[in-house]
Amino acid sequence: MSKPALPFSPCREVGDMLYLSGEVPFADDGTIPEGIVAQTDLVLARISRTLATKDLTLDDVVSATVYLTDKSDFGPFNVAYAKHFSDPLPVRTTVIADLVIPAKLEITVIAKLPA
């Protein structure tokens, strides 16, 4: 029996915007790396891979919503996150939340498609 597909799209174009579903830090082998820095780097790499399917990069991201499971990770998360973006930085909301998987964060983004 095959695994059922989850009931959402990984990304969706609406007008000139691309909305990405929340991304979590699953490595290709299904594992989750230890630590907020490794998980942040992996999530943003996965987001970059999805953006690339539409010929976009993290520079095209205009908004990000971040869900952290532990507020003590906020500082190290910010350092890791900042390495991946350049000015103008996306607007961002960060909240503390429980996740349905044993990860430290989930990130969803909105990107601007080219004219």
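Preceding this paragraph is the structure being described.
Everything numeric here is computed off the predicted structure, so don't read it as measured data.

### Observations concerning the sheet that holds strand 1 (residues 11–14)
Logical step 1: The strand order 1-2-5-3-4 describes an open sheet built from five strands, whose pairing is mixed. Whereas interior strands pair on both sides, the edge strands pair on one side only; in this sheet they are strand 1 and strand 4 (91–96). Pairwise comparison of adjacent strand axes, ignoring direction, gives a mean angle of 15 degrees for this sheet.
Logical step 2: Inspection of the sheet shows strand 2 (residues 17–20) paired to strand 5 (residues 105–112) by three bridges, in the antiparallel sense. Along strand 5, the bridge assignment pairs M17 with K112.
Logical step 3: In this fold helix 1 (residues 36–52) packs onto strand 1, strand 2, strand 3 (61–68) and strand 5, with an angle of close to 30 degrees to the strand it touches most, strand 5.

### Comments concerning the side chain of Q39
Logical step 1: Among the secondary structure elements, Q39 is positioned in helix 1.
Logical step 2: Judged by relative accessible area, Q39 falls into the buried class, the value being 3%.
Logical step 3: Here P33 takes part through its backbone oxygen, which lies 2.8 Å from a polar atom of the side chain of Q39.
Logical step 4: Leave out the neighbours within four places in its chain, and Q39 touches P25, I32, P33, A103, K104 and L105.

Conventions adopted
- Residues numbered from 1 in each chain as written.
- Predicted model: local features only at pLDDT ≥ 70, side-chain atom pairs only at ≥ 80, totals over all residues.
- Heavy atoms only, no water.
- Pairing = 2+ DSSP bridges.
- Helix = DSSP H or I, 4+ residues; strand = E, 2+ residues; numbered from the N terminus.
- Axes fitted to C-alpha atoms, helices over the stretch in contact; angles between N-to-C directions.
- Contact = heavy atoms within 4.5 Å.
- Buried < 20%, exposed > 50% of the residue type's maximum accessible area, 1.4 Å probe, protein only.
- Polar contact = N/O pair within 3.5 Å; in protein donor to acceptor, adjacent residues only side chain to side chain.

What is shown is where atoms sit, not what they do.
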